[in-house]
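The residues making up each chain are set out below.
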Amino acid sequence: GESVGLHLPTLSVQEGDNSIINCAYSNSASDYFIWYKQESGKGPQFIIDIRSNMDKRQGQRVTVLLNKTVKHLSLQIAATQPGDSAVYFCAENRRTGANNLFFGTGTRLTVIP
Amino acid sequence: DTAVSQTPKYLVTQMGNDKSIKCEQNLGHDTMYWYKQDSKKFLKIMFSYNNKELIINETVPNRFSPKSPDKAHLNLHINSLELGDSAVYFCASSQDLAGGPRNEQFFGPGTRLTVL
């Protein structure tokens, strides 16, 4: 993800609708990506991951899509619930020396009951 | 029974002071990390420790020094605190390094540091 801009991107959805959160990553050598969820006052929590040899991975109510051609990652949340309200981060493992995760800017998801 | 714990949760101090934040994980992980999250929610890696050895230092000022007495603990000591150090600091741990087969990082609850 790209840490650009002064404001945290936001997304508001109605309860029950599907949510799509997008992320652009910068390093074409990155081979591993993770989505994290961070609720207010808490640390980030792992949601789902995907390796660069895949373009889609599904979890419980979540799907991650990876498009390496345009260096784009998305997180789809089905039937969004109020408990899904949080800030969502994508992170990439950049293969530049030591293995490490670099986090994107984050997107604040607000679910409207 | 918390997997990754940090103390204190809040830390308010004057500029110029020296302070420490403690982190402990009971997951038996080999790798621990420190992250800094600024007011815009941007999360940035500071340090990684693998089996008590520092393996990265992402351009962090040398006023910050991680100390690992054993692989379950990674403490962060900060000298001569500056206003810009105000942030939330997260500790995390994983079994393997990022990219390895068991590399999911578990985060602590964070320590909010405020420098006045």
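Please read all numbers here as calculations on a predicted model, not as lab measurements.

This part takes up the overall build of chain B. Helix and strand counts for chain B come out as zero helices and 11 strands. Across chain B, helices and strands are ordered from the amino to the carboxyl terminus as β-β-β-β-β-β-β-β-β-β-β. In terms of overall dimensions, chain B has C-alpha extents of about 40 × 30 × 30 Å along its principal axes. When each of the 116 residues of chain B is scored for burial, the buried share is 47%. Pairs at least 24 residues apart make up 56% of the contacts formed inside chain B by residues separated by at least 6 positions. One finds the centroid of the 13 positive side-chain charges in chain B at a distance of 6 Å from the centroid of its 12 negative side-chain charges.

Residue and element names in this part refer to chain A. Inspection of every chain in the model, using the stated rule, returns two disulfides over all chains. Put simply, Cys-23 and Cys-90 are joined by a disulfide, and their sulfur atoms are 1.6 Å apart. Within this pair, whereas Cys-23 is found in strand β2 (residues 19–24), its partner Cys-90 is found in strand β8 (residues 86–93), the two being separated by 67 residues in sequence. Note on Cys-23: relative accessible area 7%, which makes it buried. Exposure remark for Cys-90: the relative accessible area of 4% places this residue in the buried category.

As a further point, take the pairing of strand β10 (residues 107–112) of chain A. Residues and elements named next belong to chain A. Here β10 shows a clear split, with Thr-107, Leu-109 and Val-111 buried on one side and none of Arg-108, Thr-110 and Ile-112 buried on the other. Across five bridges, the pairing between strand β1 (residues 10–14) and β10 is parallel. Bridge assignment links Ser-12 to a residue of β10, and that residue is Thr-110. Note: β8 against β10, three bridges, orientation antiparallel. Looking at β10, one finds that Val-87 is bridged to Arg-108.

This brings us to the environment of Gln-95 of chain B. Residues and elements named next belong to chain B. With respect to the secondary-structure elements, Gln-95 resides in the loop between β9 (87–94) and β10 (106–107). Put simply, Gln-95 and Leu-27 are 68 residues apart on the chain and 8.3 Å apart in space, counted from C-alpha to C-alpha. A distance of 3.1 Å separates a polar atom in the side chain of Gln-95 from a polar atom in the side chain of Asp-30.

Our next topic: the confidence of the model for chain A. Residue and element names in this part refer to chain A. Confidence in the prediction for chain A averages 88 pLDDT; 89% of positions are at 70 or higher. Confidence, expressed as mean pLDDT per element, reaches its minimum in chain A at strand β9 (residues 101–103) with 85 and its maximum at strand β5 (residues 56–58) with 97. Confidence drops under pLDDT 50 across residues 1–6; counting only partners more than four residues distant or on other chains, this segment forms 15 contacts.

For the structure shown, the criterion picks out six salt bridges over all chains. Across the salt bridge formed by Asp-84 of chain A and Arg-61 of chain A, the nearest N and O atoms sit 2.9 Å from each other. Placement of Asp-84 of chain A in the loop between β7 (72–77) and β8 and of Arg-61 of chain A in the loop between β5 and β6 (62–67) is noted, with a sequence separation of 23 residues between them. Residue Arg-61 of chain A is classed as partly exposed on the basis of its relative accessible area of 30%. Connected via shared salt-bridge partners are Arg-63, Glu-82 and Asp-85 of chain B.

Cut-offs and rules
- Residues numbered from 1 in each chain as written.
- Chains lettered and ligands numbered in written order.
- Predicted model: local features only at pLDDT ≥ 70, side-chain atom pairs only at ≥ 80, totals over all residues.
- Heavy atoms only, no water.
- Helix = DSSP H or I, 4+ residues; strand = E, 2+ residues; numbered from the N terminus.
- Buried < 20%, exposed > 50% of the residue type's maximum accessible area, 1.4 Å probe, protein only.
- Contact = heavy atoms within 4.5 Å.
- Lys, Arg positive; Asp, Glu negative; His and termini not counted.
- Charge placed at Lys NZ, Arg CZ, Asp CG, Glu CD.
- Disulfide = S-S within 2.5 Å.
- Pairing = 2+ DSSP bridges.
- Polar contact = N/O pair within 3.5 Å; in protein donor to acceptor, adjacent residues only side chain to side chain.
- pLDDT = per-residue confidence, 0-100.
- Salt bridge = Lys/Arg side-chain N within 4 Å of Asp/Glu carboxyl O.

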